[in-house]
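Spelled out from the first residue to the last, the chains are:
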Amino acid sequence: MTDNSRRGFFRELASVVASAREAATEPEPEAPPPDLTDAEIERYSRQLVLPEWGAAAQLAVNEASVLVIGAGALGAPVALYLAGAGVGRIGILDDDAVELSNLHRQLLHFTPDVGVAKAESAAAKLRYLNPDIVVEPYQVHADAENAAALVEGQDLVVDCSDSFATRYAVNAACCAARVPLVEAGVLGMSGLVMSIKPGRTACYRCAFPVEPLDAPRCADAGVLGPAAGVIGSLQALEALKLLTGVAPPIADGFLQVDLATAEFLRVHASRRADCPDCGDV
Amino acid sequence: MRARTLDISALTCPLTWVRTKLELERMAPGETLEVRCSQGEALEQVPRSAREAGHAVSVDGTTIRIVRG
């Protein structure tokens, strides 16, 4: 059985077991969890060995479908770590092509990739990293028009975009569809990370009701590669926390990271009853 | 009840403990797992890891008996 058909097999098995449970009048014993293959146990051994991470966490990750919006400075470490961890299906979305000026911070793209679509360049590297997972590149720009369709059916969305318009659109779509979301931003040597469980914790718009008027874009303001790497790595870790529950995510607020002074500040934010994105969720 | 057995003698760290841990996860509290290992690192590391994870451990030669906590 190939890994993909195996994955499909387990999904089918889970639904058969679920319907059998519903039909049964007597409570049935728990179905044994599916086995990890020898290759999976070896590939993921350094996370399986963690006290917090067992077969259940690994299988949850293997079964997960995650959309990474943006294949740039944040999307690169996010997608690399999620592919490495074994996230079963990764959608990577970007409508830009690789530019020479991207390479100092966007770890998925190399000099020969200049001119290639970022989504395709990223997908190729991710498939090299982990051929057991499914990687789906999308050459699309996420906006308010298509965000709802993009997030539908995902187990998690990681927003690695570089515009406030996209962030607000993705936040609204994830809130409406109740899809957990990890938001982040990076500029210069600082950034922030925030996990959102729609309807349960403060959303991005609860924390940032309006777009800052003087918000610079990456093209106008520099960013150091390792700073983006730190923020993207934190985002990937949040994604794994949300998928498995191995540790509490940075929710109901955000982590403000100043890498010039090496200060990490946890900022609290509360849900807003009148939030246009999550108030009714 | 016969104890479950696991042979990790051909494995190296961290797979020795990973295999043991995954087997323990499938067992009920109070069940016993007999782990066969070879002399060396695993014989030191696996009992220690098992104790740290809250299981009862005894070692007889190269056999590690773990009662799931």
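Look up: the structure comes first, before these words.
Residues numbered from 1 in each chain as written. Chains lettered and ligands numbered in written order. Predicted model: local features only at pLDDT ≥ 70, side-chain atom pairs only at ≥ 80, totals over all residues.

(A) Expanded view of the overall build of chain B. Tallying secondary structure elements over chain B gives 2 helices and 4 strands in all. Going from N to C terminus, chain B has its helices and strands arranged as β-α-β-α-β-β. Each principal axis of the C-alpha atoms in chain B carries an extent, and together these give about 30 × 20 × 15 Å. The 69 residues of chain B split such that 30% are buried. In chain B, 60% of the contacts between residues at least 6 apart in sequence involve partners at least 24 apart. (Helix = DSSP H or I, 4+ residues; strand = E, 2+ residues; numbered from the N terminus. Buried ≥ 20, exposed ≤ 12 C-beta atoms within 10 Å, placed from the backbone. Contact = placed C-beta atoms within 7 Å.)

(B) Region of the structure containing the overall build of chain A. Scanning chain A for helices and strands turns up 10 helices and 8 strands. Of the contacts formed within chain A by residues at least 6 apart in sequence, a portion of 67% connects residues at least 24 apart.

(C) Summary view of the interface of chain B and chain A. Counting residues at the interface gives 9 residues for chain B, matched by 10 residues for chain A. Looking at side-chain class alone, the side of chain B that touches chain A contains 6 nonpolar, no polar and 3 charged residues. (Nonpolar A, V, L, I, M, F, W, Y, C, P; charged D, E, K, R; others polar.)

(D) Summary view of the sheet that holds strand β4 (residues 63-67) of chain B. Residue and element names in this part refer to chain B. Strand order in the open sheet formed by 4 strands is β1-β2-β4-β3, and the pairing between neighbours is mixed. What marks the edges here is a single partner per strand, and that holds for β1 (4-7) and β3 (56-60). The mean inter-strand angle of the sheet, taken between neighbouring strand axes irrespective of direction, is 20°. With 5 bridges connecting them, strand β2 (residues 32-36) and β4 associate as antiparallel partners. Paired with E34 across the two strands is R65, which belongs to β4. Contacts from helix α2 (residues 41-52) reach β2, β3 and β4, with the element oriented near 165° to β3. (Pairing = 2+ DSSP bridges. Axes fitted to C-alpha atoms, helices over the stretch in contact; angles between N-to-C directions.)

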